[in-house]
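Chain by chain, the residues:
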Amino acid sequence: MPVTASGLGHQFPEQPFLFRGLDLDLAEGRTYAVIGPSGSGKSTLLGILAGWITPTEGTVERPAGGDVGWVFQNPHGVYQRTALDHVSLPFIARGIRRGDAEQHALVLLEDFGLAHRAHAVFSKLSGGEAQRLLLARAVAAEPALLLVDEPTAQLDAATSMSVNASLGAMAGRGTIVVVATHDPDTRDACTDHISLADYQ
Ligand SMILES: Nc1ncnc2c1ncn2[C@@H]1O[C@H](COP(=O)(O)OP(=O)(O)O)[C@@H](O)[C@H]1O
Ligand SMILES: [Mg+2]
């Protein structure tokens, strides 16, 4: 089910509008890059889409009962658990048996370039591997809407490239993915673009 927004605008007290007149029609299986410089309101827009922030103007319609997933810029995992454990857990939580859950998880790890790290514990993963793992785990949870905030902000160029490459693995699934970024390569890895500069 799509997520739609009409006439969205937001300003924090005593500050100018960050954006105004933003209409969105977000479709499953597509990956949207929210772009704009630091301070332009990207994280605020994600918060509005999640329902955490009430917009100053306009409305958002989300699928009833659909859950929202988040991936933040600092990857947080469970240090002593393996990559495979991290991605299996959302399947196990939905009642899938461990053996089958691990099969599903291995397919996702492959998609995110982590098959060879399946049995590595989280604390041994590089920054890029950890970020890709959290993207894979978020996809495994099959949220209706997945919000990703600056997935490459803390990473060097080579590591960012590996994360950007794996963003492609998120499109084409049943989830709406919205990625806030000021990284042009991250933007290019998404199927659609929402430029906040167009809504001043
Ligand atoms: N809760 C808040 N109260 C007041 N101002 C805020 C709040 N959250 C963010 N801002 C301000 O709103 C602007 C946009 O912030 P943000 O959405 O985080 O931008 P971005 O994610 O594009 O860097 C910034 O100037 C920030 O300081
Ligand atoms: Mg931000």
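That block above? That's the structure.
Remember, it's a predicted structure, so these values are computed and weren't measured experimentally.

Caption draft 1: Molecular detail of the overall build of the chain. Looking only at helices and strands, the chain has six helices and eight strands in total. Relative to a compact globule of 200 residues, whose C-alpha radius of gyration would be 16 Å, the chain shows 17 Å and is just as compact. Considering only C-alpha atoms, the chain reaches an extent of 50 × 35 × 30 Å along its principal axes. The 200 residues of the chain split such that 47% are buried. The contacts of the chain with a sequence gap of at least 6 include a subset with a gap of at least 24, amounting to 70%. For the chain, the distance from the average site of its 14 positive side-chain charges to the average site of its 22 negative ones is 8 Å.

Caption draft 2: Region of interest: the site of ligand 1. Around ligand 1, the neighbouring residues are Phe12, Gln15, Leu18, Pro37, Ser38, Gly39, Ser40, Gly41, Lys42, Ser43 and Thr44. At 3.0 Å from an oxygen atom of ligand 1 is found a main-chain nitrogen or oxygen belonging to Gly41. Note that an oxygen atom of ligand 1 is positioned 2.5 Å from one of the side-chain N or O atoms of Thr44. Within the complex, 58% of the 560 Å² of free accessible area of ligand 1 lies under protein. Residues of the shell around ligand 1, tallied by class, amount to three nonpolar, seven polar and one charged.

Caption draft 3: Here's a closer look at the sheet that holds strand β4 (residues 57-61). Taken together, the three strands give an open sheet; going across it, the order is β2-β1-β4, and neighbouring strands pair in antiparallel fashion. Looking at strand neighbours, the two that pair on one side only are β2 (19-26) and β4, the edges of this open sheet. If you compare each strand with its neighbour and ignore which way they point, the axes differ by 15 degrees on average. Across four bridges, strand β1 (residues 3-10) lies against β4 in antiparallel orientation. When the sheet's bridge partners are listed, Gly9 is paired in β4 with Glu57. Where helix α1 (residues 42-50) meets the sheet, it contacts β1, β2 and β4, and its direction lies at approximately 55 degrees from that of β2.

Caption draft 4: Structural detail: helix α4 (residues 127-140). The first and last C-alpha atoms of α4 sit 20 Å apart over 14 residues, in line with the 20 Å expected at 1.5 Å per residue. Of all 14 residues that make up α4, twelve are buried, and the element is covered over most of its length. Taken as a whole, α4 has its buried residues at Gly128, Glu129, Ala130, Gln131, Arg132, Leu133, Leu134, Leu135, Ala136, Ala138, Val139 and Ala140. Residues of α4 that are buried make contact with β5 (68-71), α2 (83-93), α3 (98-111), β6 (145-149) and α5 (157-167). Phi for Glu142, located one or two positions after α4, is positive at around 45 degrees.

Conventions we followed
Residues numbered from 1 in each chain as written. Chains lettered and ligands numbered in written order. Predicted model: local features only at pLDDT ≥ 70, side-chain atom pairs only at ≥ 80, totals over all residues. Heavy atoms only, no water. Helix = DSSP H or I, 4+ residues; strand = E, 2+ residues; numbered from the N terminus. Rg over C-alpha atoms; globule rule 2.2 N^0.38 Å. Buried < 20%, exposed > 50% of the residue type's maximum accessible area, 1.4 Å probe, protein only. Contact = heavy atoms within 4.5 Å. Lys, Arg positive; Asp, Glu negative; His and termini not counted. Charge placed at Lys NZ, Arg CZ, Asp CG, Glu CD. Near = heavy atom within 4 Å. Polar contact = N/O pair within 3.5 Å; in protein donor to acceptor, adjacent residues only side chain to side chain. Areas by Shrake-Rupley, 256 points an atom, 1.4 Å probe, with all protein chains shown as cover. Nonpolar A, V, L, I, M, F, W, Y, C, P; charged D, E, K, R; others polar. Pairing = 2+ DSSP bridges. Axes fitted to C-alpha atoms, helices over the stretch in contact; angles between N-to-C directions. Expected span 1.5 Å × (residues − 1).

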